[in-house]
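Chain by chain, the residues run as shown.
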Amino acid sequence: MKSVKENGNGKITKKAVLKILKDYSVITLGCIIYSLGVAIFLDPYNIAPGGATGIAIIINEILPIETNITGILIIAINVPLFILGAVFCGKKFAISTLFATVVSSLMIELWNFAFKDVEIFKTEGLLIPALLGGALFGIGLGLIFRMDSSTGGTDIIVKILRKKFRYIKTGVISMVIDVMIMGVAFAVFQNFELACYTLIAIVVFTILFDLVLYGGNSAKLLYVITTEEKSALICEKLLKELDVGATYVDGEGAYTGENRRIIMCAAKNFMYPKIRDIVKDIDPHAFMIVSSAKEIYGEGYKDHFDDEL
């Protein structure tokens, strides 16, 4: 979450307020999705997906009480880790994490109460809870992480480790920690089948978590090798119809020795089919190389000063 900017008079700008409202709206949406996955599909079937949630589910099983207090346990686990996050990740991260932790924990308790006697979500096997629970868990947490926040617990540890090991994706770090917690869950519940379904939930979570977290940053990187005359026509259409910028690179054919103009541009994935149509219409003989760009920094994409996810 970017810092709030002030105008020359020291007052918070309208744009900054709207940014905060937008960020916290996304965090709230992520909390709703995440808490539904836990309360409806994971917790009732003792599927401990890892993190503070998984630890809370394990502890809730061990405690000699009949009342489900998973949400309360999540808050209790988060207190020392929250302090750690405030020290290593800064005040803004700590505030948004506190918000997400409290909201998601209270929502888990709310859904536990609201859906206690609802039969529609109950299934015979564990496959559907593992798949849907892992999916909702991953989507919700991915939205929260995109706003430079977390639900506390081991998410804070993941965030700190991500700063240290920048070459490892956040989802991979999270999965390693979750698998370790799954091992503890297996020792507590002593159910091999349950451990297998928990692993399925973790894999689904990791895939969707990374997809939500990094998917919006990916794009297509295109190289179009054509003539100088047709390159100008192609770029004119790219700018006019799609508002896509491009860079010219002069080249020479190794076999023919003829001059060639190379168009290099990055574009969102949904724009690629239209770009291909433009190139095909203007120069069907153009040589086009298309690859995926995982992260792009610059105007229209990520800011160089954004926090690494």
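Our subject is the structure that appears above.
Because the structure is a prediction, the values reported are computed rather than measured.

Reading the values: rules and limits
Residues numbered from 1 in each chain as written. Predicted model: local features only at pLDDT ≥ 70, side-chain atom pairs only at ≥ 80, totals over all residues. Heavy atoms only, no water. Helix = DSSP H or I, 4+ residues; strand = E, 2+ residues; numbered from the N terminus. Buried < 20%, exposed > 50% of the residue type's maximum accessible area, 1.4 Å probe, protein only. Areas by Shrake-Rupley, 256 points an atom, 1.4 Å probe, with all protein chains shown as cover. Lys, Arg positive; Asp, Glu negative; His and termini not counted. Charge placed at Lys NZ, Arg CZ, Asp CG, Glu CD. Salt bridge = Lys/Arg side-chain N within 4 Å of Asp/Glu carboxyl O. Pairing = 2+ DSSP bridges. Axes fitted to C-alpha atoms, helices over the stretch in contact; angles between N-to-C directions. Contact = heavy atoms within 4.5 Å. Expected span 1.5 Å × (residues − 1). Disulfide = S-S within 2.5 Å. Core = buried A, V, L, I, M, F, W, Y, C linked by side-chain atoms within 4.5 Å. Phe/Tyr/Trp six-rings, centres within 6.5 Å; stacked < 30°, edge-to-face > 60°. Patch = residues over 30% accessible without salt bridge, like charges linked within 9 Å, V, L, I, M, F, W, Y side chains within 5 Å.

**Student:** Sorry, what's going on with the overall build of the chain here?
**Tutor:** Within the chain, the secondary structure is distributed over 10 helices and four strands. Written out in order from the N terminus, the α and β elements of the chain read α-α-α-α-α-α-α-α-β-α-β-β-α-β. Looking at the chain residue by residue over its 309 residues, the buried ones come to 43%. Accessible area for the chain stands at about 17000 Å²; split by element, carbon and sulfur atoms hold 64% of it. Separation between the mean location of the 30 positive side-chain charges and that of the 31 negative ones in the chain comes to 6 Å.

**Student:** Please clarify how the pattern of salt bridges should be interpreted in this entry.
**Tutor:** Where charged atoms from two side chains of opposite charge approach closely, those side chains can pair. Applying the stated criterion to the full structure yields nine salt bridges. Where Arg261 meets Glu228, a salt bridge forms, and the shortest distance between an N and an O atom there is 3.4 Å. Pair noted here: Arg261 is in strand S3 (residues 259–267) and Glu228 is in helix H9 (residues 228–242), with a separation of 33 residues, a long-range link. With relative accessibility at 55%, the residue Glu228 sits in the exposed group. In this structure, Glu241 engages Lys274 in a salt bridge whose closest nitrogen and oxygen atoms are separated by 3.6 Å. Within this pair, whereas Glu241 is found in helix H9, its partner Lys274 is found in helix H10 (residues 272–282), the two being separated by 33 residues in sequence. The exposure class of Lys274 is partly exposed, given its relative accessible area of 37%. Taken together, the shared-partner salt bridges connect Glu228, Asp250 and Arg261 into one network.

**Student:** Explain the sheet that holds strand S2 (residues 247–252) here, please?
**Tutor:** Adjacent strands of a sheet form backbone hydrogen bonds with each other and so pair up, either parallel or antiparallel. Strand order in the open sheet formed by four strands is S2-S3-S1-S4, and the pairing between neighbours is antiparallel. Edge strands, defined here as strands with exactly one partner in the open sheet, are S2 and strand S4 (287–293). Strand-to-strand twist of the sheet, defined as the mean angle between neighbouring strand axes without regard to direction, takes the value 20 degrees. Inspection of the sheet shows strand S1 (residues 219–226) paired to S3 by seven bridges, in the antiparallel sense. In the strand pairing of S3, Lys220 is matched with Ala267.

**Student:** How should I be thinking about the side chain of Asn60 in this particular structure?
**Tutor:** Within the secondary structure layout, Asn60 lies in helix H2 (residues 51–62). A relative accessible area of 14% means that Asn60 is categorised as buried. Excluding anything up to four places from it in sequence, Asn60 contacts Thr67, Asn68, Ile69, Thr70 and Leu73.

**Student:** For this particular structure, what's the right way to read H2?
**Tutor:** Think of an α-helix as turning once every 3.6 residues; residues three or four places apart then point the same way. Taking 1.5 Å as the rise per residue, H2 with 12 residues should run 16 Å; its terminal C-alpha atoms sit 17 Å apart, in good agreement. Within the span of H2, buried status applies to Gly51, Ala52, Thr53, Gly54, Ala56, Ile57, Ile58 and Asn60. Here the buried face of H2 lies against helix H1 (14–42), helix H3 (70–89), helix H5 (127–146), helix H6 (154–164) and helix H7 (170–189).

**Student:** Any chance you could explain the environment of Cys89 here in plain terms?
**Tutor:** For Cys89, the position within the fold is in helix H3. Residue classification places Cys89 among the buried positions, given a relative accessible area of 17%. Sequence separation between Cys89 and Ala219 is 130 residues, and the spatial gap between their C-alpha atoms is 29 Å. When residues no more than four places from it in sequence are discounted, the contact partners of Cys89 are Lys159, Ile160 and Lys163.

**Student:** Where do I start with the state of the cysteines in this structure?
**Tutor:** Here, disulfide denotes a covalent bond that connects the sulfur atoms of two cysteines. Applying the stated criterion across every chain, the model contains zero disulfides. Of all cysteine sulfurs in the structure, the one in Cys235 sits closest to Cys265, which takes part in no disulfide; the separation is 7.6 Å. By relative accessible area, Cys265 is classed as buried at 5%.

**Student:** Teacher, can you tell me more about the nonpolar core here?
**Tutor:** Within soluble globular proteins, side chains that are nonpolar generally end up buried alongside one another. Cys31, Ile47 and Phe137 are the most contacted members of the largest nonpolar core, which totals 47 residues. Of all elements in the fold, only H1, H2, H3, helix H4 (91–114), H5, H6, H7 and helix H8 (192–215) reach the threshold of two or more residues within this core.

**Student:** How do you make sense of the pairing of S3 when you look at a structure like this?
**Tutor:** Strand residues, when the strand is regular, have side chains that alternate between the two faces of the sheet. When S2 meets S3, the two strands line up antiparallel, connected through six bridges. Counterpart to Glu252 in the pairing with S3 is Asn259. Between S2 and the antiparallel strand that follows it, S3, lie six residues; Gly257 among them carries a positive phi value of about 75 degrees.

**Student:** Sorry if this is basic, but what is going on with the packing of aromatic side chains here?
**Tutor:** For any pair of aromatic rings, geometry is given as the distance between the ring centres together with the angle between the planes. What the rule picks out here adds up to six aromatic pairs. Seen in terms of ring centroids, Phe137 and Phe205 are 5.1 Å apart; in terms of plane orientation they differ by 65 degrees. Their pairing is edge-to-face. Within this pair, whereas Phe137 is found in helix H5, its partner Phe205 is found in helix H8, the two being separated by 68 residues in sequence. Each ring, one from Phe145 and one from Phe209, has its centre 5.2 Å from the other, and the planes form 80 degrees; the classification is edge-to-face.

**Student:** What's the story with a nonpolar patch on the surface in this structure? I'm lost.
**Tutor:** On the surface, Val79, Ile83, Leu84, Val87 and Phe88 cluster together into a nonpolar patch covering about 480 Å² of accessible area. Looking at where Phe88 falls in the secondary structure, it is placed in helix H3.

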